[in-house]
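# Topology and contacts: notes
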Amino acid sequence: MDILIFVSYIILLCFGVSKFAGNKRHRWINAGYVTTFLLPIIVLFVAIEIVGALTGDGIAGGVAGFGYAIVTCVIGFIFLFIGYTSKNVHSD
């Protein structure tokens, strides 16, 4: 069940950013910065709270939150890479 939630989270994050950014280069860059530097901290603490409350184990919540935060950070770097290397999008 955790893998299904994990994959759904990744798919929803990528879909949401691609719909938000569209063909605008600066939006990809801004979404990459937010996803890389701001969102992992929020995801880490939310996952620690939720998993810690459901299982009663703080270590499991920390490991799950850290995993989600690492994946969110990597996806953010991918968004930054797309924003900085794409030449076919408009830079309004």
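Higher on the page you've got the structure.
Just so we're clear, the structure is a prediction, and the values are computed from it rather than from any experiment.

The rules behind these values
- Residues numbered from 1 in each chain as written.
- Predicted model: local features only at pLDDT ≥ 70, side-chain atom pairs only at ≥ 80, totals over all residues.
- Heavy atoms only, no water.
- Phe/Tyr/Trp six-rings, centres within 6.5 Å; stacked < 30°, edge-to-face > 60°.
- Helix = DSSP H or I, 4+ residues; strand = E, 2+ residues; numbered from the N terminus.
- Buried < 20%, exposed > 50% of the residue type's maximum accessible area, 1.4 Å probe, protein only.
- Core = buried A, V, L, I, M, F, W, Y, C linked by side-chain atoms within 4.5 Å.
- Contact = heavy atoms within 4.5 Å.
- Patch = residues over 30% accessible without salt bridge, like charges linked within 9 Å, V, L, I, M, F, W, Y side chains within 5 Å.
- Areas by Shrake-Rupley, 256 points an atom, 1.4 Å probe, with all protein chains shown as cover.
- Salt bridge = Lys/Arg side-chain N within 4 Å of Asp/Glu carboxyl O.
- Axes fitted to C-alpha atoms, helices over the stretch in contact; angles between N-to-C directions.
- Left-handed = near helix turned anticlockwise from the far one by under 90°.
- Nonpolar A, V, L, I, M, F, W, Y, C, P; charged D, E, K, R; others polar.

### Topic: the packing of aromatic side chains
In the structure shown here, the tally under the stated rule is five aromatic pairs. Summarising the aromatic geometry, the rings of Phe37 and Phe77 are spaced 6.4 Å apart at their centres and angled 85 degrees between planes, so their arrangement reads as edge-to-face. One end of the pair, Phe37, is in helix α2 (residues 25–55); the other, Phe77, is in helix α3 (residues 58–85), with 40 residues separating them in the sequence. Residue Phe37 is classed as exposed on the basis of its relative accessible area, which comes to 51%. Grouping aromatic residues by their ring pairs yields a cluster made of Phe6, Tyr9 and Tyr68.

### Observations concerning the nonpolar core
Within the largest apolar cluster, eight residues are counted, these being Leu13, Val17, Ala21, Trp28, Ala31, Val71, Ile75 and Phe79. Secondary-structure elements contributing two or more residues to this core are α1 (2–21), α2 and α3. Excluding anything up to four places from it in sequence, Val71 contacts Phe6 and Ile10.

### Description of a nonpolar patch on the surface
A contiguous nonpolar patch, built from Val34, Leu38, Ile42, Val46, Ile50 and Leu54 and spanning about 570 Å² of accessible area, is present on the exposed surface. For Val46, the position within the fold is in helix α2.

### Quick word on the packing of α1 against α2
Contact geometry for α1 and α2: axes closest at 10 Å, N-to-C directions at 150 degrees. Both α1 and α2 take part in a crossing whose hand is right-handed. Counted together, Tyr9, Leu13, Val17, Ser18, Phe20 and Ala21 of α1 and Arg27, Trp28, Ala31, Thr35, Leu39 and Val43 of α2 form the full contact between these two elements. Residues belonging to the contact of α1 with α2 are distributed by class as follows: nine nonpolar, two polar and one charged.

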